[in-house]
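# Fold and geometry: a report
The lines below spell out each chain.
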Amino acid sequence: MSHTTKTPLSEQLKQLVGHPVSAIDTPALVVDLDAMQRNLVRMAEFCKKHDIRWRAHAKMHKSSALAKLQVQAGAVGVCVQKTAEAEAMAAGGVHDIYISNEVIAPAKLARVAALAHKMAADNGKLAIAVDSAEGVTRLAQAMNERRAADGVPMSIDVFVEIDVGQGRCGVAPGRAAVDLVHEIRKHPALRFAGLQAYHGKAQHARSAKERRDLIAVVVQDVVFTRKLIEAEGVPVELVTGAGTGSIVCEAASGVYGELQAGSFLFMDADYAANERDPAAPAFEHALFVKTQVVSSSVQHAVCDAGHKSHAIDSGLPKVHAQDDEHMLEYFNGGDEHGILRPAGPNTRVPALGQMLWLIPGHCDPTVNLHDCLIGVKGGLANGKVERIIRVDARGALT
Ligand SMILES: Cc1ncc(COP(=O)(O)O)c(C=O)c1O
């Protein structure tokens, strides 16, 4: 298929629907829809079993179509990290969105307030995290200005983020969080909705025990902070947090009411390197880069997928191997190429034109490199293209 500038890529790719997987040109980002569906069902069942809400993190797939699929499967809504992601999700028909991140720029906060009002008018809901008194004041100001413009006295749900070990955003657990709750409660346009406690670094601690130990400390911090807030007569309605690597711990804590996992839907090579907690669902790889060999020599082959096809911040991709004879290792070949070398004693260097499937190191930034995901059903070997999924929040960084 030729790539013309006149027709959007998603429209061009739609011509692939119904065709065998072999018709997909390379490099391409492909979703195994059967595996994705199994991941979805496993997450929904897990949350049901633990009687906990699930708010899928849409920063991972950046697609309103997939967000809506998750809501159909039982998610209460989605998290996003950026105002622009929230706007894209809302435009795509997602009605319950939480910006699990801090927004400080007045121009962005004006967009947050406008979106909160618009979503409320459509019976939807936007919520946001804060970690500073200044952030609270600015958010309140933006909401007040919007209230005055719209003549509607609505309020936005605000979560206080506490830093539970990641060393990123969030106030220290304890007194600092209580003070921030009081700041929020000064403003009628803001409603204190609970705590956000997410430990990103814990997600990729390799052993299940390490992750359990790290989250046990997180839970202590949350319990302590919640007690202090409630001692001042303010209920903490909800604690939200957790990622794919630690959901077992937060779900069992009795403190968290909502899980924010995102990567479980696609999984990636970095998550596959974690020891699976026996209590966690067995999530499968559902995201692949299809690539083909464009050059081959005695020692190695070269494929057409480099850093422009997949992110490498969490390591190089793994080559998806069906059996021992196809064990290949991927080496860095730059932005347009990958070097493939045999990784097993029985493996031969792949031939020119051979198609291969790569499992990206990190799913979130890999998806952000692509306009569309090609959804396949019936397997990577003999399946068919079922649907084209637009990454409609691609590049939504502000
Ligand atoms: C605040 C927050 N919550 C949840 C997640 C989801 O984590 P994961 O994609 O590892 O499941 C992330 C990911 O970075 C995050 O930043």
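Below or above, wherever it landed, is the structure these notes cover. (Residues numbered from 1 in each chain as written. Predicted model: local features only at pLDDT ≥ 70, side-chain atom pairs only at ≥ 80, totals over all residues. Heavy atoms only, no water.)

### Here's the deal with the overall build of the chain
The condition that has to hold: Strands are runs of DSSP state E lasting at least two residues, helices are runs of H or I lasting at least four, and both sets are numbered from the N terminus onward. Think of it in three bands: residues with accessible area under 20% of the maximum for their type are buried, residues over 50% are exposed, and the middle band is partly exposed, with areas taken using a 1.4 Å probe on protein chains only. In what follows, residue pairs with any heavy atoms lying within 4.5 Å of each other are defined as contacts.
What the chain contains, in helices and strands, is eleven helices and 17 strands. Each principal axis of the C-alpha distribution contributes one length, and for the chain these read about 70 × 50 × 35 Å. Per-residue burial for the chain yields a buried fraction of 52% across its 398 residues. Sequence-distant contacts in the chain: of pairs separated by 6 or more residues, those separated by 24 or more amount to 70%.

### Brief notes about the pairing of strand β14 (residues 338-342)
For the record, the criterion: Think of it this way: DSSP has to see at least two bridges between two strands before they count as a pair.
Relative to β14, strand β11 (residues 301-303) is paired through three bridges, and the arrangement is antiparallel. Within the sheet, the bridge partner assigned to A301 lies in β14 and is L340. Of the strand pairs in this sheet, strand β13 (residues 328-332) and β14 are connected by five bridges, and their pairing is antiparallel. The residue of β14 that forms the bridge with Y330 is L340. In sequence, β13 turns back onto β14 through a hairpin of five residues, with G334 there showing a positive phi of about 100 degrees.

### A few points about the site of the ligand
Our working rule: Nearness here has a simple test: a residue counts as near a molecule or strand if at least one of its heavy atoms is within 4 Å of that partner. The definition of a polar contact used here is a pair of N or O atoms within 3.5 Å, where within protein one atom must be able to donate a hydrogen and the other to accept one, and adjacent residues in sequence count solely through side-chain atom pairs. Only the protein chains shown count as covering a residue, and every accessible area follows the Shrake-Rupley method with a 1.4 Å probe. Note on residue categories: nonpolar means Ala, Val, Leu, Ile, Met, Phe, Trp, Tyr, Cys or Pro, charged means Asp, Glu, Lys or Arg, and polar means any other residue, Gly included.
Residues in close proximity to the ligand total 15 residues, the closest being T244, Q260, G262, S263 and Y271. Residue T244 places a side-chain N or O atom 2.6 Å away from an oxygen atom belonging to the ligand. With respect to the ligand, the side chain of Q260 contributes an N or O atom lying 2.7 Å from a nitrogen atom. Burial of the ligand by the surrounding chains reaches 93%, relative to a free accessible area of 390 Å². Tallied by class, residues from the shell around the ligand come to four nonpolar, nine polar and two charged.

### Some points on the nonpolar core
Here is the rule we go by: We define the nonpolar core as a collection of buried residues of types Ala, Val, Leu, Ile, Met, Phe, Trp, Tyr and Cys that are connected through side-chain atoms lying within 4.5 Å of one another.
Core analysis: the biggest nonpolar cluster contains 105 residues, and L126, L139, I156, V160, F266 and L373 have the highest contact counts within it. Broken down by element, this core gets its largest block of residues, eight residues, from helix α2 (residues 33-49). Residues V21, I24, V376 and I388 belong to the second largest nonpolar core, which totals 16 residues.

### Comments concerning the pattern of salt bridges
Under the convention used in this document: A side-chain nitrogen of Lys or Arg and a carboxyl oxygen of Asp or Glu constitute a salt bridge if their distance falls within 4 Å.
For the coordinates displayed, the defined rule picks out 25 salt bridges. As a salt-bridge pair, R55 and E258 come within 3.1 Å of each other at their nearest N and O atoms. Of this pair, R55 sits in strand β2 (residues 53-57) while E258 is found in strand β9 (residues 258-259), placing the two residues 203 residues apart along the sequence. A single burial state applies to R55 and to E258, both of which are buried. Connected via shared salt-bridge partners are R53, R55, D96 and E258.

### Thoughts on unusual backbone geometry
With omega at -5 degrees, the peptide bond leading from T26 into P27 counts as cis. In this structure, D51 takes a positive phi of about 50 degrees despite not being glycine. Located in the positive-phi region is N123, a residue other than glycine, with phi close to 65 degrees. With respect to the helices and strands, N123 occurs in the loop between α5 (106-121) and β5 (125-130).

### Details of the packing of helix α7 (residues 175-185) against helix α8 (residues 208-231)
Applied cut-off: Axes here mean lines fitted to C-alpha atoms, for a helix over just the part in contact, with angles spanning 0 to 180 degrees between N-to-C directions. Here roughly perpendicular refers to angles of 65 to 115 degrees, roughly parallel to angles under 35, roughly antiparallel to angles over 145, and oblique to all remaining angles. In this scheme the crossing of two helices becomes right-handed for a clockwise turn of the near helix relative to the far one and left-handed for an anticlockwise turn of less than a right angle.
Contact geometry of α7 with α8 gives a least axis separation of 9 Å together with a crossing angle of 45 degrees. Accordingly, the angle class assigned to the pair α7 and α8 is oblique. Note that α7 runs across α8; the crossing there is right-handed. Between α7, through R175, A177, V178 and V181, and α8, the contact on the second element is made entirely by T225, L228 and I229. Residue classes in the contact of α7 with α8 are distributed as five nonpolar, one polar and one charged.

### Notes on the environment of R212
Along the polypeptide, R212 turns up in helix α8. Judged by its relative accessible area of 39%, R212 is partly exposed. In the structure, R212 is positioned 123 residues away from M89 in sequence and 33 Å away in space, judged by C-alpha atoms. With residues up to four places along the chain from it excluded, the contact list for R212 reads V248, C249, D277 and A279.

### Points about helix α6 (residues 133-150)
To be explicit about the condition: Multiplying one less than the number of residues by 1.5 Å gives the expected span of a helix. To obtain the arc, one takes the directions from the helix axis to the C-beta atoms.
Taking 1.5 Å of rise per residue, the 18 residues of α6 would be expected to cover 26 Å, and the 25 Å separating its terminal C-alpha atoms lies within 8% of that figure. Residues of α6 that are buried: G135, V136, L139, A140, A142, M143 and R147. All buried residues of α6 lie within an arc of 165 degrees about the axis, which places them on one face of the element. Seen from the buried face of α6, the exposed residues on the opposite side, beyond 90 degrees, are A148 and A149. Those residues of α6 hidden inside the fold are in contact with α5, β5, β6 (156-161), α7 and β7 (190-196).

### Some points on the pairing of strand β15 (residues 355-359)
Two faces belong to every sheet, and in a regular strand the side chains alternate between them. Taking burial as the measure, the five residues of β15 include four buried ones, the bulk of the element. Bridge count for strand β10 (residues 287-296) against β15 is four bridges, and the pairing is antiparallel. Among the inter-strand pairings, V289 is bridged to a residue of β15, identified as L358.

### Regarding the environment of H307
Note that H307 resides in the loop between β11 and β12 (318-319). The sequence separation of H307 and G338 amounts to 31 residues, and the corresponding C-alpha distance is 8.5 Å. If near-sequence neighbours (up to four positions away) are discounted, H307 is found in contact with I312, N332, G334, D335 and L369. Among the polar contacts made by the side chain of H307, one reaches the side chain of N332 at a distance of 2.7 Å.

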